[in-house]
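Structure at a glance
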Amino acid sequence: MSGVWVFKNGVVRLVENPGNNQGGGGRAGGAGGIRRRKVLVHVPTNEVICSYDMLERKLGELGWERYGAGDPSLLQFHKRTSVHLISLPRDFSRLGTVHMYDIVVKTRNVFEVRDASA
C-alpha cells in the first residue's frame, strides 16, 4: 500500500499515489503535480521548527523526553503519561512530511504542517 496519509477535519485517510496525475484526476499532487516543501510550525508561537534543538525544547515543554533505547539511527521521544513514541531520523534534513504529521497527531493542537513560503 503506497500513498500519503492526509489529516483533515479530525479524520485521517490514505490518498494513494498522490504524485500520479495521469488519468485519475487526482488532487493530492497539487497544481500540476508540483509538490511544495512542508514545514512544521509550533502553533502557540507561530515559529517554524528549523532544528532538533528547537523541537526538543518545544516537546520538553509538553512533557516529552528523549528516549535512549532503540535504533541508534533514530531520535526518539516519549511521554511518561502515554504509550506514544515519536521516532525521527537522526539527521534533521531527512525529516519528512510523514514525521511531521506524526508529531502533529501526537501533540494535538500544538503543531501544524504548512506549505513553506516561497
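This text gives an overview of the structure that appears in the document. The structure displayed is predicted, hence computed values, not measured ones. (Residues numbered from 1 in each chain as written. Predicted model: local features only at pLDDT ≥ 70, side-chain atom pairs only at ≥ 80, totals over all residues. Heavy atoms only, no water.)

Brief notes about the overall build of the protein
Per the secondary structure count, the protein includes two helices and eight strands. Listing the helices and strands of the protein from first to last along the sequence gives β-β-β-β-α-β-β-β-α-β. In the protein, the proportion of contacts linking residues at least 24 apart, taken out of those at least 6 apart, comes to 34%. Within the structure as shown, the protein displays about 8,100 Å² of accessible surface, and the carbon and sulfur contribution to it stands at 50%. (Helix = DSSP H or I, 4+ residues; strand = E, 2+ residues; numbered from the N terminus. Contact = heavy atoms within 4.5 Å. Areas by Shrake-Rupley, 256 points an atom, 1.4 Å probe, with all protein chains shown as cover.)

A word on helix H2 (residues 97-106)
When we look at burial in H2, the residues that qualify are Met100, Ile103 and Val104. Projected down its long axis, H2 carries its buried residues within an arc of 100°, all on one side. (Buried < 20%, exposed > 50% of the residue type's maximum accessible area, 1.4 Å probe, protein only. Arc of directions from axis to C-beta.)

Thoughts on unusual backbone geometry
Unusually for a residue other than glycine, asparagine 46 sits at a positive phi of about 60°. The topology assignment puts asparagine 46 in the loop between strand S3 (38-42) and strand S4 (47-48). With phi around 65°, asparagine 109 is a residue other than glycine that occupies positive phi space. With respect to the helices, strands and loops of the structure, asparagine 109 is situated in the loop between H2 and strand S8 (111-115).

A closer look at the nonpolar core
For soluble globular proteins, the rule of thumb is that nonpolar side chains tend to be buried together. Core analysis: the biggest nonpolar cluster contains 18 residues, and Leu40, Leu55, Leu88 and Phe111 have the highest contact counts within it. Contributions of two or more residues to this core are made by helix H1 (52-61), strand S6 (74-79), strand S7 (85-89), H2 and S8. For leucine 88, the contacting residues outside a window of four places in its chain are Tyr52, Leu55, Ser73, Leu74, Leu75, Phe77, Leu95, His99 and Ile103. (Core = buried A, V, L, I, M, F, W, Y, C linked by side-chain atoms within 4.5 Å.)

Looking at the sheet that holds S6
Spatially, the three strands line up as an open sheet ordered S5-S6-S7, and their pairing is antiparallel. Bordering the open sheet on either side are strand S5 (64-67) and S7, each of which pairs with just one other strand. Across the sheet, the mean angle separating the axes of adjacent strands is 30° when strand polarity is ignored. Direction of pairing for S6 relative to S7: antiparallel, over a ladder of five bridges. Across the sheet, the residue bridging to glutamine 76 is serine 87, located in S7. In the packing of H2 onto the sheet, contacts are made with S5 and S7, and the angle to S7 comes to roughly 160°. (Pairing = 2+ DSSP bridges. Axes fitted to C-alpha atoms, helices over the stretch in contact; angles between N-to-C directions.)

Things to note about the side chain of threonine 107
Structurally, threonine 107 is set in the loop between H2 and S8. Ignoring any residue separated from it by four or fewer positions in sequence, one finds threonine 107 in contact with Leu59, Leu62 and Trp64.

Focus: the sheet that holds S8
Taken in spatial order, the three strands line up as S4-S3-S8 in an open sheet, and their pairing is antiparallel. Because the sheet does not close on itself, it has two edges, and the strands there are S4 and S8. Direction of pairing for S3 relative to S8: antiparallel, over a ladder of five bridges. By the bridge assignment for S8, leucine 40 is matched with valine 113.

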